[in-house]
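Below, each chain spelled out in residue letters.
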Amino acid sequence: MLPCLWKQNFGFECFGCGFQRSLALVFQGEFLAAFQMYPAIYTLILMFAILALHLKLNFKFGHKILLGLFILNILIIVISYFIKHF
């Protein structure tokens, strides 16, 4: 795993800490553990899958779906970060 430079330099985790480990857990079939490690993992995977399809097929409302998923991911990441640390 790549080390978190933010955590090394500043001493506390960034908003992305846990994503790599969570993705590894998804590939190992540990779906609940992946969600507990990084709650936004599944919505991020969905967002990147829709992004790839939208770039390939150019969906009519693809940009609106992606914007909604982007906002949802930001909310999940920020809320879970504050729940985890405060």
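You'll find the structure just up there.
Residues numbered from 1 in each chain as written. Predicted model: local features only at pLDDT ≥ 70, side-chain atom pairs only at ≥ 80, totals over all residues. Heavy atoms only, no water.

## Observations regarding the overall build of the protein
(1) Moving on: Looking only at helices and strands, one finds five helices and zero strands in the protein.
(2) Moving on: Along the protein, helices and strands appear, N-terminal first, in the series α-α-α-α-α.
(3) Moving on: Taking the principal axes of the C-alpha coordinates as reference, the protein spans close to 45 × 25 × 20 Å.
(4) Moving on: Considering the protein as a whole, with its 86 residues, one finds that 24% of them fall into the buried category. (Helix = DSSP H or I, 4+ residues; strand = E, 2+ residues; numbered from the N terminus. Buried < 20%, exposed > 50% of the residue type's maximum accessible area, 1.4 Å probe, protein only.)

## Let's talk about helix α2 (residues 19–27)
(1) Moving on: Taken as a whole, α2 has its buried residues at S22, L25 and V26. Angular distribution of buried residues about the axis of α2 spans 105°; they occupy a single face of the element. (Arc of directions from axis to C-beta.)

## Side note on the pattern of salt bridges
(1) Moving on: Within the structure shown, the criterion is met by two salt bridges.
(2) Moving on: A salt bridge links K7 to E13; the shortest N-O distance between them is 3.5 Å.
(3) Moving on: K7 gets classed as partly exposed once you look at its relative accessible area, which sits at 40%.
(4) Moving on: Residues participating in the shared-partner salt-bridge network are K7, E13 and K84. (Salt bridge = Lys/Arg side-chain N within 4 Å of Asp/Glu carboxyl O.)

## Things to note about the packing of α2 against helix α4 (residues 41–57)
(1) Moving on: α4 packs onto α2 with a crossing angle of 80° between their chain directions and a minimal axis gap of 10 Å. Relative to α4, α2 is oriented roughly perpendicular. In this structure, α2 contributes F19, S22, L23 and V26 to the contact, and α4 contributes I41, Y42, L44 and I45.
(2) Moving on: Counted by class, the contact of α2 with α4 contains seven nonpolar, one polar and no charged residues. (Axes fitted to C-alpha atoms, helices over the stretch in contact; angles between N-to-C directions. Parallel < 35°, antiparallel > 145°, perpendicular 65-115°, else oblique. Contact = heavy atoms within 4.5 Å. Nonpolar A, V, L, I, M, F, W, Y, C, P; charged D, E, K, R; others polar.)

## Some thoughts on helix α5 (residues 62–85)
(1) Moving on: Across its 24 residues, α5 extends 34 Å between first and last C-alpha, which sits within 8% of the 34 Å expected from 1.5 Å per residue.
(2) Moving on: Taken residue by residue, α5 has G62, L66, L69, N73, I77 and Y81 as its buried positions.
(3) Moving on: Where α5 is buried, its residues contact α4. (Expected span 1.5 Å × (residues − 1).)

## Remarks on the nonpolar core
(1) Moving on: In terms of nonpolar packing, the biggest core is built from 12 residues, these being L25, V26, A34, Y38, A40, I41, L44, M47, I50, L66, L69 and I77.
(2) Moving on: The biggest single contributor to this core is α4, with four residues.
(3) Moving on: Excluding its chain neighbours within four sequence positions, the residues that come into contact with A40 are N73, I76 and I77. (Core = buried A, V, L, I, M, F, W, Y, C linked by side-chain atoms within 4.5 Å.)

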